[in-house]
Each structure stands twice: as structure tokens, then as C-alpha cells.
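Okay, here's what each chain looks like letter by letter:
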Amino acid sequence: MAETPANLYDRPSRAPNTVTDATLTIRVIKNFPYRTSKNAILHHLDLTTVTAGELKEKVKNHIQTQPGFKAYKTLQPDALKLYTKAHGTKTNNLIINMEDTDERFLFRDDNATLASYGCEHETEISFFIMKDYEEFKANPVEKW
């Protein structure tokens, strides 16, 4: 049966709710100068209830249990930073957003929900060691 314009708009949307059923891409950064990173894709997250601290634990668990992350198993990342949102502008740096001089994209409170940081469906977040980021920020030379 062909859909007519009258019933085309009456059916429920197949698009996911952008906050309660989100997919996030987490860039696990191993080395800033050499831009060594690997993406962890997390599906079906409720951004209104998942906190930054819980996200860190989920990604650390993903690193320990997924075979593609063997070289990252000893890495101890401790910070999250918003990279980009879906359909938003992207930064010139390929692994982390360096364009915010006031560090407003850092997830500083582990008890705050991801939605409170402005995350939505298909948001990309960088996960890294803060000490390494501060060193790279002071001297942002890429070696590769």
C-alpha cells in the first residue's frame, strides 16, 4: 500500500531521541604530537542520566575488553573534552578541540550529566591524559 500525504506524517518517527538514545564517538588519545588515537563508539546512552564519571568508566571498560584497543590497555586517560557535535563546525586539530581559550569544552565535574555539557546524538568527545594535553597545549607541535 502506497503512503499518501495524509498518513505519511501520522506514523511515529524512526529517528532516535537525541538525548535519551544517543550514540557517542569517544576519541581515546594516546599521543598528541603524533596524533595517535582510536575511536570508541558507544550506543544507546541516555545523556540525561549518564554522568561524565560514568562515561569515563564505560570507555575504560571498552578499552580493556575490546580487541582493537590492545595498545591502549595501559593508558590511564583522566579527562574529557567536547570535540564536536553532529552537523556542527569542526576544529582544525584532528584529535582535540584547541579553539576554546577558556577551556569551556572540558568536562570538569564527573557528577554532571552529559546532557548538561551539551552532548546530544552523534557528539564526538576526546578522552585523554590531562597532563599530556597541557604539555601539548603549551607547545602544539605535531610530529607526523
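Residues numbered from 1 in each chain as written. Predicted model: local features only at pLDDT ≥ 70, side-chain atom pairs only at ≥ 80, totals over all residues. Heavy atoms only, no water.

S.K.: Mind showing me how you'd approach the overall build of the protein here?
M.R.: In terms of regular secondary structure, the protein is built from three helices and four strands. If you list the helices and strands of the protein from N to C, you get α-β-β-α-β-β-α. Looking at the protein as a whole, 38% of its 144 residues are labelled buried. Contacts spanning at least 24 positions in sequence make up 68% of the contacts within the protein whose residues lie at least 6 apart. Within the structure as shown, the protein displays about 8,700 Å² of accessible surface, and the carbon and sulfur contribution to it stands at 51%. (Helix = DSSP H or I, 4+ residues; strand = E, 2+ residues; numbered from the N terminus. Buried < 20%, exposed > 50% of the residue type's maximum accessible area, 1.4 Å probe, protein only. Contact = heavy atoms within 4.5 Å. Areas by Shrake-Rupley, 256 points an atom, 1.4 Å probe, with all protein chains shown as cover.)

S.K.: Which parts of the structure should I look at to understand the pairing of strand E1 (residues 22-31)?
M.R.: Remark: a regular strand shows side chains that alternate across the two faces of the sheet. Counting buried residues in E1 gives eight out of 10 residues, a clear majority hidden from the surface. From the end of E1 to the start of strand E2 (residues 36-45), which pair antiparallel, there are four residues, and Arg35 there has a positive phi angle of about 55 degrees. With four bridges joining them, E1 and strand E4 (residues 124-128) adopt parallel strand pairing. Note on E4: the bridge partner recorded for Ile26 is Ile125. (Pairing = 2+ DSSP bridges.)

S.K.: What should I look at first to understand helix H2 (residues 52-65) in this one?
M.R.: Along an α-helix, residues three or four positions apart point the same way, because every turn accommodates 3.6 residues. Taking 1.5 Å per residue, 14 residues should reach 20 Å; H2 reaches 20 Å between its end C-alpha atoms and fits that length. All buried positions along H2 are accounted for by Ala52, Gly53, Leu55, Lys56, Val59, His62 and Ile63. Looking at the packing, one finds that the buried side of H2 touches E1, E2, strand E3 (79-84) and E4. (Expected span 1.5 Å × (residues − 1).)

S.K.: Quick question: what am I supposed to make of the side chain of Ser126 here?
M.R.: With respect to the helices, strands and loops of the structure, Ser126 is situated in strand E4. Among the residues examined, Ser126 registers a relative accessible area of 0% and is labelled buried. Separated by 2.8 Å, the side chain of Ser126 and the backbone oxygen of Ile95 make a polar contact. Beyond its immediate sequence surroundings of up to four residues, Ser126 is in contact with Arg27, Ile29, Ala79, Leu80, Lys81, Tyr83, Ile95 and Ile96. (Polar contact = N/O pair within 3.5 Å; in protein donor to acceptor, adjacent residues only side chain to side chain.)

S.K.: Help me understand the sheet that holds E3 in this model?
M.R.: Neighbouring strands of a sheet are bound in pairs by backbone hydrogen bonds; such pairs are parallel or else antiparallel. Taken in spatial order, the four strands line up as E2-E1-E4-E3 in an open sheet, and their pairing is mixed. Either end of the sheet is taken by a strand with one partner, and the two such strands are E2 and E3. Shown here is a sheet whose adjacent strand axes are inclined to one another by a mean of 30 degrees, direction ignored. Sitting on the sheet, H2 is in contact with E1, E2, E3 and E4, with an inclination near 115 degrees to E2. (Axes fitted to C-alpha atoms, helices over the stretch in contact; angles between N-to-C directions.)

S.K.: Hey, could you run me through the packing of aromatic side chains in this one?
M.R.: Given two aromatic rings, their pairing is described by the distance between the two centres and the angle made by the two planes. The final tally for this structure, using the stated rule, is six aromatic pairs. Geometrically, the ring pair formed by Phe32 and Phe136 is stacked, given 5.4 Å between the ring centres and 20 degrees between the ring planes. Here the residue Phe32 occupies a position in the loop between E1 and E2, and Phe136 occupies one in helix H3 (residues 130-138), the gap between them amounting to 104 residues. Residues Phe128 and Tyr133 carry aromatic rings whose centres are separated by 5.1 Å and whose planes lie at 50 degrees to one another, so their mutual orientation is tilted. The ring centre of Tyr83 lies 4.0 Å from the NZ or CZ of Arg27, which sits over that ring. (Phe/Tyr/Trp six-rings, centres within 6.5 Å; stacked < 30°, edge-to-face > 60°. Lys NZ or Arg CZ within 6 Å of the ring centre and 35° of its normal.)

S.K.: Any chance you could explain H3 here in plain terms?
M.R.: Every buried residue of H3 is accounted for by Met130, Tyr133 and Phe136. Here the buried residues of H3 occupy an arc of 125 degrees about the axis, which is enough to place them on one side. For H3, the exposed residues set more than 90 degrees away from the buried face come down to Lys131 and Ala138. The inward-facing, buried residues of H3 abut E3 and E4. (Arc of directions from axis to C-beta.)

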